[in-house]
Amino acid sequence: MVTFTVEDQDGNRQEIEAPDDMGFNLMEILKASEYPVLATCGGMALCGTCHIEVLEGKDGLGDATDPELDQLENLPEYYPTSRLSCQIRISDILEGAVIRLRGEDVV
Amino acid sequence: MNTNTIHTDLCIIGAGPVGLFAVFEAGLLKMRCHLIDALPQVGGQLSEIYPQKPIYDIPGYPEVKAQDLVDNLMEQAKPFQPTFTLGERVDYLNRQADGSFVVTTSDKTHVHAKVIIIAGGLGCFEPRKPVLTNLEQFEGKGINYMVKNPEHFRDKNVVIAGGGDSALDWSIYLAKVAKRVTLVHRNETFRGAPDSAAKVFDLANRGKIDLILSANLKEVTGNGKLEKVILEDKWKQDLSIDADHLIPLFGLSPKLGPIADWGLSIDKNAIEVDTRDYSTGVERIYAIGDINTYPGKLKLILCGFHEAAIMMHSAFKYVYPDQKLSFKYTTVNGVNAF
């Protein structure tokens, strides 16, 4: 299991625990935790609706991939810390990370 | 009722895979369909978001490209001559004295139907809007989120914002039509089609368009209608541009939209239905596919197909109140076109 912190659109923070051996991605965990993530395309990096910022722990996660950047660039706003949560696999790299939901595209 | 009202048995809101298959199931029971979709083409998110992606869980197709599935569903529905209103959003549903409905779209198209089927997926795809304080004040008064008719922009000062394919393509096209096109993009490079990006740089080099890179929209101003777009450039300096029109092109995102106001029971942006026939709490309105919810719901295309078949057998009573429905197999009866 890994533990990381999620900040919602209103600034409320909550620690989330997720299994790191089930092949989940971060978008799936956010949805399962009842966060209002739309994830229109279901995790193909094709819609940009699971946009998050990695506030702490970005170094371990690396940069956004090309398919992510294609989507992020299309959004009205994005940041150097922006990622698509569907492209982040749950692994021990996320331990202690802090992510913030971005969100015009909420459920 | 309006004289140019479209009359049909069933009005299907949403022309995605489930809406299209519903036409086939309705046709087997001799019910005619008119479909309305906010997108300009059929296929819903399959055509809009991932046309070239393979799908692996359609029964009988080990692998099928999303757009091929849509094309095949259109072919399958063809014998039943569905009609379409595309690029328009359904805004109102008005119940008639006899229990039927008149549907009104954003472009004032009227459809009279005995039954309404909501197959709206995740909602209507609507343009993403930039976060600007007085944006809404100028919507329809200079701010347009799509180019429906390029002539609308003839001899006008147009600012286009965005860095995707549509921003590039419309900048190239409108350069020939508008008085002046200014393309604003937040980065130094474009991730859209390299050919289009090269054309845009070429047009800018030849002075045919103004290309402002590493800049963001900051403010829109005007008196009753849009007059200026204020940008913030890479040095955090404001830059004011005379503009009759601003076209922000930041992609589309689904919103539930007016469906939320039709008196249906809604849970987390989905319509609650009775799993016996996928009816909503409002008589003659059904909801199938990703837009509905019930205990155990799976948002899969194949589940939507199943829901379409079941709900059509329930809707039959409203279209043919005096007839008894008998269940028939296509292997026995074939597909009897209208």
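Please read these numbers as outputs of a predicted model, since none were measured by experiment.

S.K.: Explain the overall build of chain B here, please?
M.R.: The helix and strand inventory of chain B stands at seven helices and 21 strands. Relative to its 338 residues, chain B shows a buried fraction of 51%. By sequence separation, contacts in chain B at least 24 residues apart represent 59% of the contacts at least 6 residues apart. Element-wise, carbon and sulfur atoms account for 50% of the exposed surface of chain B, whose accessible area totals about 16200 Å². For chain B, the centre of its 37 positive side-chain charges and the centre of its 40 negative side-chain charges are spaced 2 Å apart.

S.K.: Would you mind going over the pattern of salt bridges with me for this structure?
M.R.: Where charged atoms from two side chains of opposite charge come close, those side chains can pair. For the structure shown, the criterion picks out 23 salt bridges over all chains. Arg154(B) is the partner of Glu151(B) in a salt bridge, and the nearest nitrogen-oxygen pair spans 2.7 Å. Classification of Glu151(B) as partly exposed rests on a relative accessible area of 44%. Residue class for Arg154(B) comes out partly exposed when judged on its relative accessible area of 39%. Members of the salt-bridge network, linked through shared partners, are Glu7(A), Arg13(A), Glu53(A), Arg100(A) and Arg102(A).

S.K.: Got a minute to help me understand the interface of chain B and chain A in this structure?
M.R.: Quite often, the size of an interface is put as the accessible area lost when its parts meet. Counting from both sides, the interface comprises 24 residues of chain B and, opposite them, 22 residues of chain A. Together chain B and chain A conceal approximately 1900 Å² of surface at their shared face, both sides included; 50% is due to carbon and sulfur atoms. Between the two partners, chain B and chain A, sit three salt bridges. A salt bridge links Arg191(B) to Asp70(A), with the nearest nitrogen and oxygen atoms 2.6 Å apart. Here chain B and chain A share eight residue pairs in polar contact (both at pLDDT 80 or more) between them. Top element by residues in the side of chain B that touches chain A is strand E17 (residues 252-255) of chain B. It accounts for three residues. Here the residues of the side of chain B that touches chain A sort into nine nonpolar, eight polar and seven charged.

S.K.: Explain the side chain of Asp233(B) here, please?
M.R.: Residues and elements named next belong to chain B. Looking at the element boundaries, Asp 233 is found in the loop between strand E14 (226-232) and strand E15 (238-242). Lys 236 provides the closest opposite charge to the buried, unpaired Asp 233, separated from it by 8.2 Å. Engagement of the side chain of Asp 233 in a polar contact is seen with the backbone nitrogen of Gln 237, the distance being 2.8 Å.

S.K.: Explain the side chain of Ser196(B) to me, please; I cannot follow it from the model alone.
M.R.: All names here are of chain B. Note on placement: Ser 196 falls in helix H5 (residues 194-205). Among the polar contacts made by the side chain of Ser 196, one reaches the side chain of Asp 169 at a distance of 3.3 Å. Those residues in contact with Ser 196 that sit more than four places away from it in its chain are Leu 168, Asp 169 and Ile 172.

S.K.: How should the sheet that holds strand E19 (residues 270-272) of chain B be read in this particular structure?
M.R.: Strand pairs in the sheet, formed through backbone hydrogen bonds, run parallel or antiparallel to each other. Residue and element names in this part refer to chain B. Strand order in the open sheet formed by three strands is E18-E19-E21, with mixed pairing between adjacent strands. The open sheet terminates on both sides in strands that have one partner only, identified here as strand E18 (266-267) and strand E21 (292-293). Two elements, E19 and E21, share two bridges in a ladder whose sense is parallel. Paired with Glu 272 across the strands is Thr 293, a residue of E21.

S.K.: Any chance you could explain the UniProt feature "binding site: FAD" (unreviewed entry) in chain B here in plain terms?
M.R.: Residues and elements named next belong to chain B. On the UniProt side, "binding site: FAD" (unreviewed entry) is annotated at positions that read Asp 37, Gln 45, Tyr 50, Val 90, Phe 125, Asp 290 and Thr 331 here. In terms of the greatest pairwise C-alpha distance, the residues named above, spread along 295 residues, do not form a single cluster, extending to 37.8 Å across. Along the chain, Asp 290 falls in the loop between strand E20 (285-287) and E21. In contact with Asp 290, other than residues within four places in its own chain, are Gln 45, Gly 121, Lys 297, Lys 299 and Leu 300. Along the chain, the position of Thr 331 falls in helix H7 (residues 330-333). In this structure Thr 331 comes out as exposed when scored by relative accessible area, which is 74%.

S.K.: Would you take a moment to explain the environment of Asp70(A) for this structure?
M.R.: Residues and elements named next belong to chain A. In this structure, Asp 70 sits in helix H3 (residues 66-72). The class of Asp 70 is partly exposed, set by a relative accessible area of 33%. As for Asp 70 and Tyr 35, which are separated by 35 residues in sequence, their C-alpha atoms are 24 Å apart.

S.K.: Sorry if this is basic, but what is going on with H5(B) here?
M.R.: Residue pairs three or four apart in sequence face the same way in an α-helix, which turns once every 3.6 residues. Residue and element names in this part refer to chain B. Across its twelve residues, H5 extends 16 Å between first and last C-alpha, which sits within 8% of the 16 Å expected from 1.5 Å per residue. Where H5 is concerned, the buried positions are Ser 196, Ala 197, Val 200 and Leu 203. Along H5, the residues classed as buried sweep out an arc of 125° about the axis, all on the same side. For H5, exposure combined with an orientation more than 90 degrees from the buried face picks out Pro 194, Asp 195 and Asn 205.

S.K.: What exactly am I supposed to notice about a negative patch on the surface here?
M.R.: Residue and element names in this part refer to chain A. Judged by side-chain charge, Glu 15, Glu 17, Asp 20, Asp 21, Asp 92 and Glu 95 come together as a negatively charged surface patch. Its place among the elements puts Asp 20 in the loop between strand E2 (13-18) and helix H1 (26-32). Overall, Asp 20 belongs to the partly exposed group, its relative accessible area being 32%.

S.K.: In this structure, what is going on with helix H6 (residues 301-319) of chain B? I would like to understand it.
M.R.: Here H6(B) is 19 residues long and its end C-alpha atoms lie 26 Å apart, about the 27 Å a rise of 1.5 Å per residue gives. The axis of H6(B) is deflected most strongly, by about 30°, at His313(B).

S.K.: Any chance you could explain the sheet that holds E15(B) here in plain terms?
M.R.: All names here are of chain B. Ordered by their spatial adjacency, three strands build an open sheet running E13-E14-E15, and the pairing between neighbours is antiparallel. Because the sheet does not close on itself, it has two edges, and the strands there are strand E13 (216-222) and E15. Each adjacent strand pair in this sheet contributes to an overall mean axis angle of 25°, direction not counted. Relative to E15, E14 runs antiparallel, the two sharing five bridges. Bridge pairing in E15 links Val 229 to Ile 241.

Criteria and thresholds
Residues numbered from 1 in each chain as written. Chains lettered and ligands numbered in written order. Predicted model: local features only at pLDDT ≥ 70, side-chain atom pairs only at ≥ 80, totals over all residues. Heavy atoms only, no water. Helix = DSSP H or I, 4+ residues; strand = E, 2+ residues; numbered from the N terminus. Buried < 20%, exposed > 50% of the residue type's maximum accessible area, 1.4 Å probe, protein only. Contact = heavy atoms within 4.5 Å. Areas by Shrake-Rupley, 256 points an atom, 1.4 Å probe, with all protein chains shown as cover. Lys, Arg positive; Asp, Glu negative; His and termini not counted. Charge placed at Lys NZ, Arg CZ, Asp CG, Glu CD. Salt bridge = Lys/Arg side-chain N within 4 Å of Asp/Glu carboxyl O. Buried area = accessible area lost by both parts, 1.4 Å probe. Polar contact = N/O pair within 3.5 Å; in protein donor to acceptor, adjacent residues only side chain to side chain. Nonpolar A, V, L, I, M, F, W, Y, C, P; charged D, E, K, R; others polar. Pairing = 2+ DSSP bridges. UniProt positions renumbered as here; feature names shortened; annotations may be inferred. Expected span 1.5 Å × (residues − 1). Arc of directions from axis to C-beta. Patch = residues over 30% accessible without salt bridge, like charges linked within 9 Å, V, L, I, M, F, W, Y side chains within 5 Å. Bend = angle between axes of the 7 residues up to and from the residue. Axes fitted to C-alpha atoms, helices over the stretch in contact; angles between N-to-C directions.

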